[in-house]
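Read off the chains here:
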Amino acid sequence: MQTLRASKCGLSTAQLPSYILDVIDALTKAGYEAYIVGGGVRDLILGLNPKDFDAVTNATPAQVKEVFGRRCRIIGRRFELAHVYAGRELVEVATFRAPPKKAVTSASGMILRDNNWGTIEQDFVRRDFSINAMYYQPRKGIVLDFCHAIDDIKNKTLRLLGDPTLRFEEDPVRMLRTLRFAAKLNFSIAPEILEIFTPELTQLLRDISPHRLYDESQKLFTMGHLNRVLPMLIDFGIWHQLFADISPDISTFIERAAINTDQRIQMGKTINPAFFYAVLLWKPFLERCNFYLSKGVVPAEARAQAGLDVLKRQATRTIIPRFAETFIREVWEMQTRLLNPKPQQIQALSTHARFRAGFDFLLLREKSGDDTTQGMGVWWDAYQQMSTDEKERAISQYNRQRAKSRRKATTDDVVETKSVAAITEIEPLVNEPEPRSRRERKSRAKSERPVQPTSSNGSEIGYDHPILKRKRVKRDLSQVIFGPTQ
Ligand code: ATP
Ligand code: MG
């Protein structure tokens, strides 16, 4: 172990936000050891802006709770941690861990519980990468480096602590972390990892809960280097483990969306990580829509059911939370509305809560060479810049063109051709999502809702299938959400 001077590593307390110093100070004052560890130290040494600061201590979670009282909550079962609220920030305070006892590892070597407290030396070997295992005591101005991690930082190398195969078996999510850090830091992956990191090994990810994988996918989407990590996910065989039905090729649309996401993050803009899921799943969604259309299902039902199917399949890998699923389906539904809006609804659509996301999606499609948008991305872009008078003129011109092309048109694939009623409200973009729990399903079944049209093998619908008999439901317009453009 070498003790480095913090100042020699380019670290000073002036770089640290007061909340992390408060946490370290409170623990030290209570007689415990406390360090900043992980990404915070690594990123500061690299001159990057840390996403957050994690602390580690010899106090057990219960003792941390004693120190911080109501500001502290103990979370996690597999990996127990204390969450300390410092002002508006949250600091994860972990306790030094010793190797787990044999009884809590699975047959494949995966650690099922990791709550065996230990010393700092034992804690260090339990961490994933050398560069994440530097312990910074800001008040003493020292960094404890047990494995020459500082050299790996200088050489821009990502090195797992211990035997790479064993470390991946213990926790397969480390495979995802490898690619995330390699992409985020632009580090090379150590040869001993590359040697064993095969697509077969990624099968281990099947044992990880789809909830945890969703969280990890979000970290990949929001780290600011999504475009760099996507090809790596394919090369290392992780793509198949994360995305159920998305073919592993990066279309122009996906690439543009990834670049766009990275740019927004670099500019400090917010992003909705579900947007990228909407992009990834767009092609499977269209394919599923066409499947239903080919069976004679009316377009609106085909889209609704295709959305449910695609998200259900994806949930076998990553469970997308309900609110994010609704967002994704609304963005897809917006594509139809924006492509062929009823002239009376144009203004209302442009102020709809989901307009912004739907429009961004449409424009991205168009800029990626998708001509099925029929130039409507550009049309909406221009529309938003117009004065009220110009908007009126644009709408009547659009109306004339629409009438002309409608006369010519026979049928349209995905877009529904309904008789134009003088409605200016917008129907809800998506209906209530399918219930997940048995209790939800039961109570839904009691209500008048028709049977969901899923087939037993997922590929065929007979013509007695309920979806074909389904009556058009009169939608409840009181559910329409109008809101400011996001
Ligand atoms: P980020 O910049 O994404 O926050 P980080 O390195 O801080 O990166 P966290 O997930 O916040 O990552 O974890 C904090 C630290 O906990 C890591 O630096 C690492 O030392 C340890 N750690 C986290 N996850 C694992 C894991 N799966 N296996 C071993 N150690 C881990
Ligand atoms: Mg962190």
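Everything that follows concerns the structure shown earlier in this document.
Residues numbered from 1 in each chain as written. Chains lettered and ligands numbered in written order. Predicted model: local features only at pLDDT ≥ 70, side-chain atom pairs only at ≥ 80, totals over all residues. Heavy atoms only, no water.

Novice: Any chance you could break down the environment of Ser188 for me, citing the residues and the numbers?
Specialist: Summarising the element assignment, Ser188 is placed in strand β10 (residues 188-189). Ser188 sits 31 residues away from Thr157 along the chain, and the two C-alpha atoms are 5.0 Å apart. Residue contacts for Ser188: discarding those within four places in its chain leaves Lys156, Thr157 and Leu158. (Helix = DSSP H or I, 4+ residues; strand = E, 2+ residues; numbered from the N terminus. Contact = heavy atoms within 4.5 Å.)

Novice: Got a sec to walk through the pairing of strand β6 (residues 89-95)? Specific residues and values, please.
Specialist: Consecutive residues of a regular strand have side chains that alternate between opposite faces of the sheet. Here four bridges tie strand β3 (residues 54-57) to β6, and the two strands are oriented parallel to one another. Among the inter-strand pairings, Thr57 is bridged to a residue of β6, identified as Thr95. Sheet analysis places strand β5 (residues 81-86) next to β6, joined by five bridges and oriented antiparallel. In the sheet register, Tyr85 faces β6, and the bridge partner there is Leu90. Counting the residues that bridge the hairpin from β5 to β6 gives two residues, and of these Gly87 lies at a positive phi of roughly 65°. (Pairing = 2+ DSSP bridges.)

Novice: Describe in detail the side chain of Arg354, supporting the description with residues and values.
Specialist: The topology assignment puts Arg354 in the loop between α17 (346-350) and α18 (355-367). Relative accessible area serves as the criterion here: at 14%, Arg354 is assigned to the buried category. A polar atom in the side chain of Arg354 sits 2.9 Å from the side chain of Glu330. (Buried < 20%, exposed > 50% of the residue type's maximum accessible area, 1.4 Å probe, protein only. Polar contact = N/O pair within 3.5 Å; in protein donor to acceptor, adjacent residues only side chain to side chain.)

Novice: An account of the coordination of the magnesium ion (ligand 2) is requested, with residue identities and associated values reported.
Specialist: Protein coordination of the magnesium ion (ligand 2) is provided by Asp52 (OD) and Asp54 (OD), with donor distances spanning 2.4 to 2.5 Å. With relative accessibility at 30%, the residue Asp52 sits in the partly exposed group. (Donors = N, O, S within 2.8 Å, 3.2 Å for Na, K, Ca; no water.)

Novice: Outline helix α16 (residues 322-339), supporting the account with residue identities and numerical values.
Specialist: For α16, which comprises 18 residues, the first-to-last C-alpha distance of 26 Å matches the rise-based estimate of 26 Å (1.5 Å per residue) to within 8%. Burial within α16 is extensive, with 15 of its 18 residues counted as buried. (Expected span 1.5 Å × (residues − 1).)

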